[in-house]
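# Fold and contact review
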Amino acid sequence: MASARALPITATLLTGTVALYITLVAFGNITDFGTNQQFVQHVLAMDTTFKDDDLMWRAVESKGLQNAAYVAIIAWETVAALVLILGTVQWVRRDVARARRTSTVGLLMLMLLFGAGFLAIGGEWFAMWQSEDWNGLDAAMRVFLLSAVVLIVIHLPVDRGAGMDGGGS
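Residue indices begin from 1 for each chain and proceed along its sequence in written order. The predicted origin of the model limits local features to residues at a pLDDT of at least 70 and limits the giving and counting of side-chain atom pairs to 80 or more, whereas totals for whole chains, interfaces and linings rest on all residues. Calculation of side-chain values draws on the structure's entire complement of heavy atoms; hydrogens and water are dropped beforehand.

A pair of aromatic rings is counted whenever rings of Phe, Tyr or Trp (Trp by its six-membered ring) have centres within 6.5 Å, and the orientation is called stacked for planes under 30 degrees apart, edge-to-face for over 60 and tilted otherwise. Counted under the stated rule, the structure contains five aromatic pairs. Both rings, one in Phe-114 and one in Phe-118, keep their centres 5.1 Å apart while their planes meet at 25°; by these two values the pair is stacked. Taken together, the residues Phe-114 and Phe-118, both in helix H5 (residues 96-125) and four residues apart, mark about one turn of the helix. Across the pair, exposure class does not vary: Phe-114 and Phe-118 are buried alike. Secondary structure elements are defined from DSSP: runs of H or I of at least 4 residues count as helices, runs of E of at least 2 residues count as strands, and each element is numbered from the N terminus. The buried label applies to any residue whose accessible area, calculated with a 1.4 Å probe on protein chains only, is under 20% of its type's maximum; exposed applies above 50%, and partly exposed to all values in between.

In structure tokens:
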């Protein structure tokens, strides 16, 4: 019986950890807007890359577009944080089916932001990998992998005999 309770507890703690992390990231980006705004501006401007003429046409030099992208990132992070907080509350309430669905949405939001947004678009399209100063690929990979691991854990089967609502996914 104790081992049957371990998975929902683990899912609760892991979802809560990711919720806390992305909440702090969004809060930091809102309260210290300028720090990561510079990051986004440099990545999009490609001003610290190798300056390859075959790639530089991709650069976005408009401050308005750069700032719009940064605000969109913050909004996405904030919504993901709220979704993951809700998922954590649902895990605490032992509503496994809803918690799985909600947590899945929040974790996939983070995987899209950090996988598609930072690794693919920032890393490859805007050649962030070339920059020694403005390279967020390691941090993005950490968040992407953490989210993936938690996503796998929350989808492990829950023993219905443990008194949990383990139905559906």
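Angles run from 0 to 180 degrees between N-to-C directions of axes, and those axes are lines fitted to C-alpha atoms, restricted for helices to the stretch in contact. Look at H5 against helix H6 (residues 137-154): their axes get within 9 Å of each other, and the N-to-C directions meet at 155°. The angle between the axes of H5 and H6 places the two elements in the roughly antiparallel class. The two elements H5 and H6 cross, and the hand of that crossing is left-handed. Packed against H5, whose contacting residues are Arg-100, Ser-103, Thr-104, Leu-107, Leu-108, Leu-110, Met-111, Phe-114, Gly-115, Phe-118, Leu-119 and Gly-123, the element H6 presents Leu-137, Ala-140, Met-141, Val-143, Phe-144, Ser-147, Ala-148, Val-150, Leu-151 and Ile-154 at the interface. Here the residues of the contact of H5 with H6 are counted per class, giving 16 nonpolar, five polar and one charged. We call two directions roughly parallel when the angle between them is under 35 degrees, roughly antiparallel when it is over 145, roughly perpendicular when it lies between 65 and 115, and oblique otherwise. Note on convention: near helix rotated counterclockwise from far helix by under a right angle means a left-handed crossing. Clockwise means right-handed. Two residues form a contact once any of their heavy atoms are found within 4.5 Å. In the scheme used here, Gly and all other residues not listed as nonpolar or charged are polar, with Ala, Val, Leu, Ile, Met, Phe, Trp, Tyr, Cys and Pro taken as nonpolar and Asp, Glu, Lys and Arg as charged.

A few words on the environment of Glu-61. Looking at the secondary structure, you find Glu-61 in the loop between helix H3 (53-56) and helix H4 (63-92). Measuring from C-alpha to C-alpha, the distance between Glu-61 and Asn-36 comes to 16 Å, with 25 residues separating the pair along the chain.

Time to look at the nonpolar core. We define a nonpolar core as any set of buried Ala, Val, Leu, Ile, Met, Phe, Trp, Tyr and Cys residues linked to one another through side-chain atoms lying within 4.5 Å. By size, the foremost hydrophobic cluster in this structure holds 43 residues, and its most contacted members are Ile-22, Leu-84, Leu-107, Leu-110, Phe-114, Phe-118 and Ile-154. Of all the secondary structure elements, the ones that give two or more residues to this core are helix H1 (2-31), helix H2 (33-45), H4, H5 and H6. Ranked by residues supplied to this core, first place goes to H5 with 10 residues. Ignoring sequence-local partners within four residues, the contact set of Leu-110 consists of Val-18, Ile-22, Ala-80, Leu-84, Gly-115 and Ser-147.

For salt bridges, the criterion is a side-chain nitrogen of Lys or Arg within 4 Å of an Asp or Glu carboxyl oxygen. For the structure shown, the criterion picks out one salt bridge. Between Asp-95 and Arg-98 there is a salt bridge; the shortest N-O distance is 3.0 Å. Among the residues examined, Arg-98 registers a relative accessible area of 48% and is labelled partly exposed.

The next thing to look at is unusual backbone geometry. The backbone phi angle of Met-46 is positive, close to 55°, even though this residue is not glycine. You can see Met-46 is positioned in the loop between H2 and H3. If you check the backbone angles, Lys-51 has positive phi at about 60° while not being a glycine. With respect to the helices and strands, the residue Lys-51 is situated in the loop between H2 and H3.

Glancing now at the packing of H4 against H5. At a minimum axis separation of 8 Å, H4 and H5 run at an interaxial angle of 155°. Classified by the angle between their axes, H4 and H5 sit roughly antiparallel to one another. Once H4 is placed against H5, the crossing between them reads as left-handed.

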